[in-house]
Amino acid sequence: MAAKEKTLNDLFLETLKDVYYAEKQAVRQLQKAAKAAKSDELKQAFTQHREESQGQVERLDQVFEILGKPARGKTCEAIQGLNAEMAEVLEDFGDSPAADAALIGTAQAVEHYEIARYGTLKTWANQLGMTDAATLLDETLQEEKRTDELLTRIAESAANREAGEDDEDEAEKPAGRGSAASRSAKSGGRREPA
Ligand code: FE
Ligand code: FE
Ligand code: FE
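Q: Describe the overall build of the protein chain, listing the residues and the values that go with them.
A: Along the backbone of the protein chain there are seven helices and zero strands. Secondary structure elements in the protein chain, listed N-terminal to C-terminal, are α-α-α-α-α-α-α. Looking at the protein chain as a whole, 25% of its 194 residues qualify as buried. Considering only contacts within the protein chain whose residues lie at least 6 apart along the sequence, 66% involve residues at least 24 apart.

Q: Account for the packing of helix H1 (residues 8–36) against helix H4 (residues 99–127), naming residues and giving values.
A: Interaxial distance between H1 and H4 falls to 10 Å at its minimum, and their mutual angle equals 160 degrees. When the interaxial angle is binned, H1 and H4 end up roughly antiparallel. When the axes of H1 and H4 are compared, the crossing they make is left-handed. Packed against H1, whose contacting residues are Leu8, Phe12, Thr15, Leu16, Val19, Ala22, Ala26, Gln29, Ala33 and Ala36, the element H4 presents Ala99, Leu103, Ala107, Val110, Tyr113, Glu114, Arg117, Tyr118, Thr120, Leu121, Trp124 and Gln127 at the interface.

Q: Please provide a residue-by-residue account of H1, values included.
A: Taking 1.5 Å of rise per residue, the 29 residues of H1 would be expected to cover 42 Å, and the 40 Å separating its terminal C-alpha atoms lies within 8% of that figure. Against helix H2 (40–67), helix H3 (77–93) and H4 lie the buried residues of H1.

Q: How would you explain the confidence of the model for the protein chain if you had to name every residue and give the values?
A: The predicted coordinates should not be examined in detail at positions where pLDDT is low. The predicted model of the protein chain has a mean per-residue pLDDT of 88, with 84% of residues at 70 or higher. Confidence, read as mean pLDDT per element, is least for helix H7 (residues 180–186) in the protein chain (43) and greatest for H2 (98). The model gives residues 167–194 a pLDDT under 50, and that stretch makes 22 contacts with residues more than four places away or in other chains.

Q: Can you tell me about the nonpolar core, naming the residues and giving the values?
A: Judged by nonpolar contacts, the single largest core of 33 residues is most densely connected at Leu16, Val19, Leu42, Leu121 and Leu137. Counting residues per element, the ones that place at least two in this core are H1, H2, H3, H4 and helix H5 (131–163). At nine residues, the largest contribution of residues to this core is made by H1. Every residue in contact with Leu16, bar those within four places of it in the chain, is listed here: Leu60, Val63, Phe64 and Leu121.

Q: So what about H4? Which residues, and what values?
A: Its 29 residues place the ends of H4 42 Å apart at the C-alpha level, agreeing with the 42 Å of an ideal helix rising 1.5 Å per residue. Immediately downstream of H4, the backbone of Gly129 shows phi near 75 degrees, a positive value.

Q: Explain the environment of Lys43 to me, and be specific about the residues and the numbers.
A: Structurally, the position occupied by Lys43 is in helix H2. For Lys43, a count of 17 C-beta atoms within 10 Å puts it in the partly exposed group. Sequence separation between Lys43 and Gln31 is 12 residues; the distance between their C-alpha atoms is 9.4 Å. Non-local contacts of Lys43, meaning those with residues more than four positions away in its chain, are made with Ala34 and Ala37.

Q: With reference to specific residues and values, describe the environment of Ala109.
A: By the element assignment, Ala109 lies in helix H4. In this structure Ala109 comes out as partly exposed when scored by C-beta crowding, with 16 C-beta atoms within 10 Å. Considering only alpha carbons, one finds Ala109 and Glu85, 24 residues apart in sequence, at a separation of 9.9 Å.

Q: Can you lay out the environment of Ala99 for me, pointing to particular residues and giving the numbers?
A: Its place among the elements puts Ala99 in helix H4. With 19 C-beta atoms counted inside 10 Å, the residue Ala99 sits in the partly exposed group. For the pair Ala99 and Lys38, spaced 61 residues apart in the sequence, the C-alpha separation amounts to 7.4 Å. Not counting residues up to four positions away in its chain, the partners in contact with Ala99 are Ala36, Lys38, Phe93 and Gly94.

Cut-off values and rules
- Residues numbered from 1 in each chain as written.
- Chains lettered and ligands numbered in written order.
- Predicted model: local features only at pLDDT ≥ 70, side-chain atom pairs only at ≥ 80, totals over all residues.
- Helix = DSSP H or I, 4+ residues; strand = E, 2+ residues; numbered from the N terminus.
- Buried ≥ 20, exposed ≤ 12 C-beta atoms within 10 Å, placed from the backbone.
- Contact = placed C-beta atoms within 7 Å.
- Axes fitted to C-alpha atoms, helices over the stretch in contact; angles between N-to-C directions.
- Parallel < 35°, antiparallel > 145°, perpendicular 65-115°, else oblique.
- Left-handed = near helix turned anticlockwise from the far one by under 90°.
- Expected span 1.5 Å × (residues − 1).
- pLDDT = per-residue confidence, 0-100.
- Core = buried A, V, L, I, M, F, W, Y, C linked by C-beta atoms within 7 Å.

Structure below.
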């Protein structure tokens, strides 16, 4: 006889194991990222999200409990790939002026993976009638989204500083790095074709 047909319940459990593994990896990566970050603002963002991520692991423990299953991780190839990218980019750019930008870029890739996973799991939890699990997953989903937005804000403020926000003449020079936004603001939002 063929193996028992798999259900959405099975898929939910397997995906939960995937994100459990990924979340634990994320805690370790955030620690490394906090150490490597140059600006205090970015250091603090990584440190704060690392603490948050420990709480997210605990939420996953609770979801396993709701399912009546032991909390277990399953190797997530995606997070391993993203971690490898972070290691590579740190090796290449860790000592450069673009170090923080490189860290933000790789960290945001991790946040987006988490957003995808938690969004999916939340939908499935609702579909399976597990509203408490859905609530827990949504709490984490919102934290991941806020972190992604915070990283974008930090990247943008760094870009503005580099463009020299206190030097209007500099911002108007077409060749000025990162000045596209200020140019289009000054020309009333018109943008030159790329
Ligand atoms: Fe997370
Ligand atoms: Fe995965
Ligand atoms: Fe995260």
